[in-house]
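Survey of secondary and tertiary structure
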Amino acid sequence: MLVSDFVATSGRVAALSRRVEKIAALAAILRRLSPAEVQIGVDWLAGRLRQGRLGLGPGVVAEARRASPSVAQPALTLGDADAVFTEIARASGPGAAGARRAALGGLFARATDRERDFFARLLAGELRQERIEPVMIDAVARAARVPPTSLRRAVMLAGDAAEVAKAALLEGALGLQRFSLQLLRPVQPMLAQSADDVATALSELRAMALEWKLDGVRVQAHKAGDEVRVFSRGLGPVTKAVPEIVEIVRALPVRSVVLDGEALTFRAEGPPHPFQVTMRRFGRAHDAAALRAELPLRALFFDVLHLDGEDLLDRPGSERTAALRQVLDRSLRVPRIELPTAAEAEAFFADALARGHEGVIAKSLAAPYEAGRRRGSWLKVKRARTLDLVVLAAEWGTGRRRGLLSNLHLGARDPSAGGFVLLGKTFKGMSDEVLAWQTQRLLELEIGRDAGTVYVRPEIVVEVAFEDVQASPRYPGGVVLRSARVRRYRPDKAVEGVSTMVEVRAIHAGALAREAAEKGQAEGGGEELEEDG
DNA sequence: TTCCGACAGTGGGGTCGCAAT
DNA sequence: ATTGCGACCCCACTATCGGAA
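Residues numbered from 1 in each chain as written. Chains lettered and ligands numbered in written order. Predicted model: local features only at pLDDT ≥ 70, side-chain atom pairs only at ≥ 80, totals over all residues. Heavy atoms only, no water.

Per an unreviewed UniProt entry, chain A is named Probable DNA ligase, and its organism is Sorangium atrum. What UniProt records for chain A under Function (unreviewed entry) is the sentence "DNA ligase that seals nicks in double-stranded DNA during DNA replication, DNA recombination and DNA repair." Quoted verbatim from the Cofactor (unreviewed entry) heading of the UniProt record, the comment on chain A is "Mg(2+)". (UniProt positions renumbered as here; feature names shortened; annotations may be inferred.)

1. Quick look at the overall build of chain A
Counting secondary structure elements, chain A contains 20 helices and 19 strands. Expected size for 533 residues packed as a compact globule is a radius of gyration near 24 Å; at 26 Å, chain A falls within 12% of this value. For chain A, the C-alpha atoms occupy an extent of roughly 75 × 65 × 50 Å along the three principal directions. Across the 533 residues that make up chain A, the buried fraction comes to 49%. (Helix = DSSP H or I, 4+ residues; strand = E, 2+ residues; numbered from the N terminus. Rg over C-alpha atoms; globule rule 2.2 N^0.38 Å. Buried < 20%, exposed > 50% of the residue type's maximum accessible area, 1.4 Å probe, protein only.)

2. Things to note about the sheet that holds strand β5 (residues 256–265)
The strands making up a sheet associate through backbone hydrogen bonding, with each pair oriented either parallel or antiparallel. Taken in spatial order, the 5 strands of this open sheet run β4-β3-β5-β6-β7, and their pairing is antiparallel. Strand pairing shows two members of the sheet lacking a second neighbour, β4 (227–231) and β7 (310–311), which therefore form its edges. In terms of strand pairing, β5 meets strand β6 (residues 297–307) through 9 bridges, oriented antiparallel. Among the inter-strand pairings, Gly 261 is bridged to a residue of β6, identified as Phe 301. Packed on one face of the sheet, helix α16 (residues 317–327) meets β5 and β6 and runs near 125° to β6. (Pairing = 2+ DSSP bridges. Contact = heavy atoms within 4.5 Å. Axes fitted to C-alpha atoms, helices over the stretch in contact; angles between N-to-C directions.)

3. Side note on the side chain of Thr 500
Within the fold, Thr 500 resides in the loop between β19 (485–489) and α19 (501–508). By relative accessible area, Thr 500 is classed as buried at 12%. Ignoring sequence-local partners within four residues, the contact set of Thr 500 consists of Ala 412, Arg 413 and Pro 415.

4. A short note on the nonpolar core
If you look at soluble globular proteins, the nonpolar side chains tend to sit buried side by side. Grouped together as the largest cluster of nonpolar side chains are 59 residues, with contacts concentrated most on Phe 6, Trp 44, Phe 85, Leu 104, Phe 119 and Leu 151. Here this core gets 8 residues from one element, more than from any other, and that element is helix α8 (residues 132–144). Ignoring anything within four residues of it in the chain, the contact list for Phe 85 reads Trp 44, Leu 49, Gln 51, Leu 54, Leu 107, Phe 119 and Leu 123. Ranked by size, the runner-up nonpolar core spans 36 residues in total, among them Met 156, Met 190, Ala 192 and Leu 313. (Core = buried A, V, L, I, M, F, W, Y, C linked by side-chain atoms within 4.5 Å.)

5. Details of the pattern of salt bridges
Under the defined criterion, the tally for this structure stands at 30 salt bridges. With a closest N to O distance of 3.9 Å, Arg 292 and Glu 244 form a salt bridge. Residue Arg 292 is found in helix α15 (residues 288–294), and its partner Glu 244 is found in helix α13 (residues 243–250); the two are separated by 48 residues along the sequence. For Arg 292, a relative accessible area of 28% gives the class partly exposed. In this structure Glu 244 comes out as buried when scored by relative accessible area, which is 9%. Note that Arg 490 is salt-bridged to Glu 463, the shortest N-O span being 3.6 Å. One end of the pair, Arg 490, is in the loop between β19 and α19; the other, Glu 463, is in strand β16 (residues 461–466), and 27 residues separate them in sequence. Residue classification places Arg 490 among the buried positions, given a relative accessible area of 15%. Taken together, the salt bridges that share partners define one network made up of Lys 213, Asp 215, Glu 358, Lys 382, Glu 467 and Arg 482. (Salt bridge = Lys/Arg side-chain N within 4 Å of Asp/Glu carboxyl O.)

6. Side note on the environment of Ser 4
The residue Ser 4 is located in helix α1 (residues 3–15) in this model. C-alpha of Ser 4 to C-alpha of Phe 282: the two residues are 278 residues apart in sequence and 41 Å apart in space.

7. A closer look at unusual backbone geometry
The phi torsion at Arg 145 lies on the positive side, around 60°, for a residue other than glycine. Inspection of the secondary structure puts Arg 145 in the loop between α8 and α9 (148–158). Judged by relative accessible area, Arg 145 falls into the exposed class, the value being 66%. Backbone geometry at Leu 235 places phi at a positive 75°, although glycine is not the residue there. Here Leu 235 is to be found in the loop between β4 and α13. Judged by its relative accessible area of 17%, Leu 235 falls in the buried class.

8. Remarks on helix α10 (residues 161–171)
All of the buried residues along α10 are Ala 161, Ala 162, Val 164, Ala 165, Ala 167 and Ala 168. One or two steps after α10, the chain reaches Gly 172, where phi turns positive at roughly 70°.

9. A few points about the pairing of strand β12 (residues 405–414)
Of all 10 residues making up β12, 9 are buried, and the element is well covered by its neighbours. The pairing of strand β11 (residues 385–396) with β12 spans 6 bridges and is antiparallel. Note on β12: the bridge partner recorded for Ala 393 is His 409. Here β12 folds back onto strand β13 (residues 419–426), and the loop between the two strands holds 4 residues, one of which, Gly 418, carries a positive phi near 75°.

Structure, rendered in structure tokens:
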């Protein structure tokens, strides 16, 4: 198939708004692909390249556009372009950037304008915007004449829609049977929705358990015989970065197992390191041995998806936990209580925070492992802190926020210096209405601007929610807010009432956490609330 | 007809590795 | 050596649309 035909048809699909029409149109394209083109086409339709990310940013693409004129007569096939992408993906070492530029330039020299636009968006990942994946699944099911439900399940287990689509299109329903959970191949992890507080979580789930929410990196560990592989939340391979986890899982007295958990590092005194410290262990190819001694990584697991030949995905949460207890020692499991009373739940939450963790996750005892979905059967509850901060500047938004001042620069008062200290930025929490209002209001207060940023007189106060204060090498005060978002504007509040750096540093020092711990100690006499109901 | 779940869009913070400077 | 960029980790919130109720 010619790229130009493909682009034209997929463009028509994107323009359709009705789901059923999209499905029919996509199915029509899929039927026209030759067996060799199926995987290429399915990936492109989903906005991906089967070669993965190519490391070509918008600058390189723009350069390729300028380097040569486009052609008028389309001649490129899917296979031609795919071969170039493979060549680009293979380039490495010194001079690789030049080779990639040359290869892309060669491709663009043979492409029409529309094809260039398509490639540019494909390389930038922009084609993913079209919410194509769920539609694609239905389209593939239709083109391959297999039931959509069995296709959806296969995609969930394979974690790779293109491969499943290829199997369905070329082999039909029989091809789909391969995609039961496969050892050493990652499954989309189950995700949690947010809940405001523990009481809400309790009322939304009937029979439930609570677990600590740890601030680390999600890991899915597979063991098949002596072979162990570990994957991240995005299904990336992280086996090399986590040797101590590999050793522990390999030594488990089971033939095969798939575990879901969180990996993090701890300080000598007990509490966990901040997330950014744990992240040092997750460089892609670095030598973990050197870091291992000074920054040992621990995994705490909370779920088991497969055990000795049996898939447990569809079993209720309580059964999976029972299986987990069979396999893992307590020190390898995330602390958990089942069927807590309201008071027990609150105490468990407070204890988790006092120990330096993010909060808790409430889990239905009945729910299966819903891979890849963010559903109500897992609810995370975290502590939200707030400060009143002043707006120092704002950046122009992009996309649907073009023409609006979107990203706010937030400052705290610094009484000692007599000014304001930049504490972070946020674009979260504003409705379209607020966005329009703040654009107008901030422009009234403008005192200068540079590329993309409008600086304003520090007069507007905004209540900001955030997760924590973390150390920052970049920010002037040495600290930055993590996950800041606007709660509401405070027109009633004058700048003199803005939170001070003294408060901010107190939070950063963990003073509040220590207070809470001491309080908890005094009230509950709480020793080792380590788990098990 | 209204309600609700899923998801895209909009970027925030960080770390590493790699290539260019 | 330093700098800049891209790939990935973590993150929250709003708007919107199709399907469920």
